[in-house]
Every structure is written in structure tokens, then in C-alpha cells.
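# Structure at a glance
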Amino acid sequence: PFGIREQLNNTSRVTGVQEIRNNWVAQIRTEGKNYWLGSYKNKDDAVKIRKEAEKHVETGDFIEWFENFSGGRKRR
């Protein structure tokens, strides 16, 4: 269901990645909740982390991965 799809309605044209105040923000929504994946100076870094998060959603271990990735940050 996931995959990097071109989006015409955001600044990056990549689902879950957008430019805000000269930074590239990555996030993902799964199981009805939004998860902040970080803010990056480089668009490619934001796309890379978004793709990694999608992989973990698809394999079913996203929550465990996110808790390790985020250092305990909670969802938004």
C-alpha cells in the first residue's frame, strides 16, 4: 500500500515529505496516528527516512522501529 508516490499537492512531490521553512519534514500516518520522522536540511534525507518507515509499516514492526528511531518521542 505504501511506496514513494508522486504527489502534486505538496512541495516535494513525495508522499509524507514536504518543505517547511527551508527544511524538509518527513512524517507518516499509520493505524490512524501521525508519526513525525524529523526535519532535515536535505530533501533526500527526508525521503530516505520516509521510505525506511514505510518498509517497517509493511513488515509490521513499525512501532518498535519508531520507538528506537525516535529515542522515545511520542506520536503527534
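Just so it is clear, the structure is predicted and the values come from calculations on it, not from any experiment. (Residues numbered from 1 in each chain as written. Predicted model: local features only at pLDDT ≥ 70, side-chain atom pairs only at ≥ 80, totals over all residues. Heavy atoms only, no water.)

## Some details on the packing of aromatic side chains
What counts, and what does not: Pairing of aromatic rings covers Phe, Tyr and Trp, the last counted by its six-membered ring, and requires centre-to-centre distances within 6.5 Å; plane angles under 30 degrees mean stacked, over 60 mean edge-to-face, and any other angle means tilted. In this description a helix means any DSSP run of H or I spanning at least four residues, a strand means any run of E spanning at least two, and both kinds are numbered starting from the N terminus. Exposure categories follow from relative accessible area, calculated using a 1.4 Å probe and restricted to protein chains: below 20% of the type maximum is buried, above 50% is exposed, and the middle band is partly exposed. Charge-over-ring contacts are defined here by two conditions on Lys NZ or Arg CZ: a distance within 6 Å of the ring centre and an angle within 35 degrees of the ring normal.
Inspection of every chain in the model, using the stated rule, returns six aromatic pairs. Geometrically, the ring pair formed by Tyr-35 and Phe-62 is edge-to-face, given 5.0 Å between the ring centres and 75 degrees between the ring planes. In this pair, Tyr-35 is assigned in strand S3 (residues 33–40) and Phe-62 in helix H2 (residues 62–70), connecting sequence segments 27 residues apart. Here the two residues Tyr-35 and Phe-62 agree in accessibility, since each one is buried. Plain terms: the ring middles of Phe-62 and Trp-65 are 5.8 Å apart, the flat faces sit at 40 degrees to each other, and that makes the pair tilted. With a gap of three residues between them, Phe-62 and Trp-65 both fall in helix H2, about one helical turn apart. Just as Phe-62 is buried, Trp-65 falls in that class too. Every member of this aromatic cluster is reached through a ring pair, and the members are Tyr-35, Phe-62, Trp-65, Phe-66 and Phe-69. The positively charged end of Lys-43 is found above the aromatic ring belonging to Trp-24, 5.6 Å away from the centroid.

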